[in-house]
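Each chain is listed here by its residues.
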Amino acid sequence: MKNFKSYIVVVLMLVFSGCSNDLESINYDEINPSIFPSSEADIQAIVASAYYPLRGSYGNGIHTTSENGLMFMLDATTEILQGPYGVQQEASLHSYKATSTAFTRFYDVFYNKISGMTLSIDRIQSSNVNELIKKQAIAEIKCARGLLAYELFDLYGPLVVAPLDVLKNPLKEEPLARLSNAEMVSFIENDLKDAATDLKAPGETAYGRFSSGMARMILIRLYLHEKRWAEVEEQAAAIMAMNYYGLEENYVGLWDIKAPVDSKEVIWAVPADYAGTSENQWQLMVLPANYPGRGGYGTIQSSWTFYDSFEATDIRKNALIAEFTGTDGVTYNRANPANYMQLGPIPLKIDPDAARTTALTTVDIIVYRYADVLLSRAEAIANKTGTPTQEAIDLVNIVRRRAKISEIQLADYATLSKFNDMILLERSHEYWCENGQYRSDLIRHGKFTEHALALNGAASQSAPYKALFPFSLDRISEGKGKFIQNPGYN
């Protein structure tokens, strides 16, 4: 189930040793390129290293469910999550700036992992290992590189992507400029197209590993970002044509203590464990200390605005806990929120795992699901021609039926504006507290600043330029005039 974890111990020694702030270099005390990799085990160790920064880990896993992770911080820039203090409040108020390390850290911590993956691909290509093993390994690493590059591109815009010849000469100082938008998109697209071609089909892929379906799912996200509607529809159709994926009848059960290893809805999930190899901290983040069973720190809440946007019978609303009786015997709710629910309900989403003996949980971190394919295809169909169709409505209704809410009618969403408002709301209800993509959805439809101002009023410091996060001053300085800060942060 979690078969890539056995390789994690060797990751830092073999692949990520010797990295600097700028480039991923080879430490010849640890790796001799003339003899490593020389076996299938060596190749698998390198592949495991590509998954390493994508896991859930407070210090260096981009999918951690803490404030160091994408989901937490990105949903906190929308009405899905609100922070009463700290960096989460910065996110909610859009008050981040170039000195806000909680927002610049995603680039600073993870951008050189792209360089590490580039070197890994080169090492594998130059090895004498079986060609089929090499092909599969390179496909997994390209999918990992495409995913990480997309996630950082979504946060910051175009990145610095060091070419291989520069990476092979780490002692030569060579400041690099950020790619153009077209170059950045092409870099990600090429990786993911290659991966989609060479990765195994989802039914042949071990849980927690990348499949051809996952590569196409990230392509959908990239094409949505660029509003390339025909290609969104093409990739969604290709995933549907695999005849593998489908919606689970039990939506809530996807986040049960028992991992959804056999689910046909999960496109990619990060397995979690108590050992901290890949950890899920969500109960620790959202549950108040006096929550029955085992509580947490109560660092983040949802908003009442978001809670009120659901239909009454929507089962996706059930994990937004609007009332609880604490261990102190007091019942807390909107009328009596104390410091636990003053901004909104508790956004638990996953099983409380009340019997857990640590702050962590083994509930896995689901990042992408098949429901996203359906709603993305619906959005693409409507926006490609500018006219909503019955096909688009039917796709949305597949998701709504599972949520136990009424089906919508084309006559009520006949204009593109009404349809897009509906699809945005539907996406927020379906994917809240999963991968933080609702922020990108709002940006795509020009609603990011509008929603932030409506949520926080005069306290909000939102502005159109806040759609991108700032780079740190260190990165700007190291760029020696070639690395240009995002507008608005100078």
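About the cut-offs
- Residues numbered from 1 in each chain as written.
- Predicted model: local features only at pLDDT ≥ 70, side-chain atom pairs only at ≥ 80, totals over all residues.
- Heavy atoms only, no water.
- Helix = DSSP H or I, 4+ residues; strand = E, 2+ residues; numbered from the N terminus.
- Rg over C-alpha atoms; globule rule 2.2 N^0.38 Å.
- Contact = heavy atoms within 4.5 Å.
- Areas by Shrake-Rupley, 256 points an atom, 1.4 Å probe, with all protein chains shown as cover.
- Lys, Arg positive; Asp, Glu negative; His and termini not counted.
- Charge placed at Lys NZ, Arg CZ, Asp CG, Glu CD.
- Salt bridge = Lys/Arg side-chain N within 4 Å of Asp/Glu carboxyl O.
- Buried < 20%, exposed > 50% of the residue type's maximum accessible area, 1.4 Å probe, protein only.
- Pairing = 2+ DSSP bridges.
- Polar contact = N/O pair within 3.5 Å; in protein donor to acceptor, adjacent residues only side chain to side chain.
- Axes fitted to C-alpha atoms, helices over the stretch in contact; angles between N-to-C directions.
- Left-handed = near helix turned anticlockwise from the far one by under 90°.
- Nonpolar A, V, L, I, M, F, W, Y, C, P; charged D, E, K, R; others polar.
- Parallel < 35°, antiparallel > 145°, perpendicular 65-115°, else oblique.
- Core = buried A, V, L, I, M, F, W, Y, C linked by side-chain atoms within 4.5 Å.

## Overview of the overall build of the chain
Here is step 1: In terms of regular secondary structure, the chain is built from 18 helices and eight strands.
Here is step 2: By the compact-globule yardstick of 23 Å for 490 residues, the chain fits well, its C-alpha radius of gyration being 22 Å.
Here is step 3: Referenced to the eigenvectors of the C-alpha coordinate spread, the extents of the chain come out at roughly 65 × 50 × 45 Å.
Here is step 4: Summarising the internal contacts of the chain: among those between residues at least 6 apart in sequence, 71% fall at separations of at least 24.
Here is step 5: Summed over its atoms, the accessible surface of the chain is roughly 18400 Å², and 51% of this surface lies on carbon and sulfur atoms.
Here is step 6: Here the chain holds 45 positive side-chain charges and 58 negative ones, and the gap between their average locations is 1 Å.

## Brief notes about the pattern of salt bridges
Here is step 1: A complete count under the given rule lists 35 salt bridges for this structure.
Here is step 2: One salt bridge connects Glu 189 with Arg 228, and the closest N-O pair in it is separated by 2.9 Å. You can see Glu 189 sitting in helix α8 (residues 181-198) and its partner Arg 228 sitting in the loop between α9 (212-226) and α10 (229-240), a full 39 residues away along the chain.
Here is step 3: Residue Glu 265 is joined to Arg 402 by a salt bridge in which the shortest nitrogen-to-oxygen separation is 2.8 Å. Of this pair, Glu 265 sits in the loop between α10 and β3 (266-270) while Arg 402 sits in helix α14 (residues 390-402), placing them 137 residues apart in sequence.
Here is step 4: Three or more residues are tied together by salt bridges with common partners; here these are Glu 265, Glu 311, Asp 314, Arg 316, Lys 349, Arg 369, Arg 400, Arg 402, Glu 426, Glu 430 and Glu 434.

## Focus on the pairing of strand β8 (residues 365-369)
Here is step 1: Most of β8 is tucked away: five of the five residues are buried.
Here is step 2: Here β3 pairs with β8 via four bridges, running antiparallel. By the bridge assignment, Val 270 is partnered in β8 with Ile 365.

## Some details on the side chain of Arg 316
Here is step 1: Among the structural elements, Arg 316 can be located in the loop between α12 (304-308) and β4 (320-321).
Here is step 2: Here the side chain of Arg 316 touches Asp 314 through a polar contact of 2.8 Å, side chain to side chain.
Here is step 3: At 2.8 Å, the side chain of Arg 316 and the side chain of Glu 430 are in polar contact.
Here is step 4: Non-local contacts of Arg 316, meaning those with residues more than four positions away in its chain, are made with Tyr 251, Phe 310, Val 399, Ala 403, Ile 405, Glu 426, His 429, Glu 430 and Trp 432.

## Looking at the packing of helix α6 (residues 131-156) against α8
Here is step 1: Remark: α6 packs on α8, axes separated minimally by 8 Å, with the N-to-C direction vectors making an angle of 145 degrees. For the pair α6 and α8, the crossing hand works out as left-handed. In contact with Lys 135, Gln 136, Ala 139, Lys 142, Cys 143, Arg 145, Gly 146, Leu 147, Ala 149, Tyr 150 and Phe 153 of α6, α8 contributes Asn 181, Met 184, Val 185, Phe 187, Ile 188, Asp 191, Leu 192, Asp 194, Ala 195 and Asp 198.
Here is step 2: Here the contact of α6 with α8 is composed, by residue class, of 12 nonpolar, three polar and six charged.

## Considering the packing of helix α2 (residues 40-51) against α6
Here is step 1: Across the interface, α2 lies against α6 with an axial gap of 9 Å and an inter-helix angle of 10 degrees. Between α2 and α6, the angle falls in the class roughly parallel. In contact with Glu 40, Ile 43, Ile 46, Val 47, Ala 50 and Tyr 51 of α2, α6 contributes Ile 133, Ala 137, Glu 140, Ile 141 and Ala 144.
Here is step 2: Split by residue class, the contact of α2 with α6 holds nine nonpolar, no polar and two charged.

## A look at the nonpolar core
Here is step 1: Ranked by internal contacts, the top residues of the largest apolar core, which has 135 residues, are Leu 152, Phe 210 and Trp 282.
Here is step 2: Among the elements that line this core, the one with the most residues is α6, at 14 residues.
Here is step 3: If sequence neighbours within four positions are ignored, Trp 282 has contacts with Thr 65, Met 71, Phe 72, Leu 81, Ile 300, Pro 347, Leu 348, Lys 349, Ile 350 and Cys 433.

## Here's the deal with the side chain of Glu 189
Here is step 1: Its relative accessible area of 10% is what places Glu 189 among the buried residues.
Here is step 2: For Glu 189, the side chain forms a polar contact with the side chain of Tyr 223, separated by 2.6 Å.

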